[in-house]
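Descriptive analysis of the structure
Chain residues, written in single-letter form:
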Amino acid sequence: MTPDLRIQQAIVLGTRGVRVVAQTDEFDTAEAERIAVLFGTRPNGVTCPRADFACPFGKKHVAVARVEDRPDGALGFRFLVLSRELYKHLGDPFAIAERYHPDWNAVGKLADLAWPMEVLPERTLEQLDAILKVGDSSLLLGSAQALVDGNRVLLKRDEPAQFIRDLWQLLPDRTRCDLWPATFAFSDELGFHAAVGPTLPTRRDGVQVLTEDAIRDYPQSSYELGLQVAIESGDRAALRKLLARRTSDDTIRLGLYILAFALLAAVLLKFVF
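Not measured: the values here are computed from a predicted model.

What follows deals with the overall build of the chain. Each helix and strand counted, the chain has 11 helices and 12 strands in total. In the chain, which comprises 273 residues, the proportion classed as buried is 47%. In the chain, of all internal contacts separated by at least 6 residues, the share reaching a separation of at least 24 is 64%. In the structure as shown, the chain presents an accessible area of about 14,400 Å², 54% of it carried by carbon and sulfur atoms.

For the pair helix α4 (residues 125-134) and helix α10 (residues 236-243), the least separation of the axes is 11 Å and the interaxial angle reads 80°. Classified by the interaxial angle, the pair formed by α4 and α10 is roughly perpendicular. Residues L125, E126 and L128 of α4 form the contact with α10, whose participating residues are R236, L239 and L243. Looking at the contact of α4 with α10 residue by residue, the classes come out as 4 nonpolar, no polar and 2 charged.

If you look at the biggest cluster of nonpolar residues, it comprises 80 residues, and the most contacted ones within it are F53, F77 and F79. With 7 residues, helix α5 (residues 137-148) is the largest single contributor of residues to this core. Setting aside residues no more than four positions away along its own chain, F77 makes contact with A10, I11, V12, A36, F39, F53, R66, V67 and W104. In terms of nonpolar packing, the next biggest core, distinct from the first, is built from 7 residues, I11, L13, V21 and A22 among them.

Once that is clear, we can look at unusual backbone geometry. One non-glycine residue with positive phi stands out, namely E26, at about 70°. With respect to the helices and strands, the residue E26 is situated in the loop between β2 (18-23) and α1 (29-38). The exposure class of E26 is exposed, given its relative accessible area of 75%.

In this section: the side chain of E68. Looking at the element boundaries, E68 is found in strand β4 (residues 61-69). Once residues lying within four places of it in the same chain are set aside, the contact partners of E68 are C48, P49, R50, A74, L75, G76 and W104.

Summed over all chains, the structure comprises 10 aromatic pairs. Aromatic side chains F77 and F79 sit 6.2 Å apart centroid to centroid with 20° between the ring planes, which places their arrangement in the stacked category. Under the relative-accessibility criterion, F77 is labelled buried at 1%. A network of ring pairs unites the aromatic residues F27, F39, F53, F57, F77, F79, F184, F186 and F192 as a single cluster. Taking the ring centre of W115 as reference, the NZ or CZ of R99 above it sits at 4.4 Å.

Turning our attention to α4. L125, L128, I131 and L132 are the residues of α4 that are buried. Down the axis of α4, the buried side of the element spans an arc of 130°, and every buried residue falls inside it. Of the residues in α4, the exposed ones pointing more than 90 degrees away from the buried face are K133 and V134. On its buried face, α4 sits against α5, α6 (163-169), α9 (222-233) and α10.

Definitions and cut-offs
- Residues numbered from 1 in each chain as written.
- Predicted model: local features only at pLDDT ≥ 70, side-chain atom pairs only at ≥ 80, totals over all residues.
- Heavy atoms only, no water.
- Helix = DSSP H or I, 4+ residues; strand = E, 2+ residues; numbered from the N terminus.
- Buried < 20%, exposed > 50% of the residue type's maximum accessible area, 1.4 Å probe, protein only.
- Contact = heavy atoms within 4.5 Å.
- Areas by Shrake-Rupley, 256 points an atom, 1.4 Å probe, with all protein chains shown as cover.
- Axes fitted to C-alpha atoms, helices over the stretch in contact; angles between N-to-C directions.
- Parallel < 35°, antiparallel > 145°, perpendicular 65-115°, else oblique.
- Nonpolar A, V, L, I, M, F, W, Y, C, P; charged D, E, K, R; others polar.
- Core = buried A, V, L, I, M, F, W, Y, C linked by side-chain atoms within 4.5 Å.
- Phe/Tyr/Trp six-rings, centres within 6.5 Å; stacked < 30°, edge-to-face > 60°.
- Lys NZ or Arg CZ within 6 Å of the ring centre and 35° of its normal.
- Arc of directions from axis to C-beta.

Okay, here's the thing in structure tokens:
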């Protein structure tokens, strides 16, 4: 079944408050304003030349948002809102954001967008090799394993960083669909799983957030080791298999399906014989 390809959009401006200045029909302006507020209050002296993030938008949709400083001192948010089903097919909020450039001068009614009948290009071994060679490989690999294991990675930085974009390229497809990233955020109120910001917490809802040193020293496990070996050895088949791996929730769900099928089969056999 083909997912809903429609993408709603809106422009939101915020100074002391936030307001939607342009939107498509049926766009949930209250939810967009709530998310813009929870993005956080700008600390003194901190700029936001550009940030991208993804988060839930109600129960059935996902918001892919771009945030930029505007010339008048306001903070501008461009929202792209798509169904969760379509988001799971794509999995890369940064590629989605790049596809549609924001019109910061838009006001009033906007037209719905539509994702073309195509999937995103497969990540290549060459792309991931370049990320590890140019970036902070120990921090990237440790963060990838930490996220796969269910931890949160929040790094303190005073400006948006390439790090989160690179990290997202190293994660399995299914993991990317279930986690929420931000290349920069002024707060952690939106519950990002991986983010960079000037005032992010070390603890949230009783869950310890890994510090940068802890991430570098994070115990190497199967995913991180497999990823590193596949990239360094040029093993494309192994890399493709790693990126397509199930999450722990998928494995549990599959086990429950198998158990339910076995119980049903046992009941049917009892009646037959």
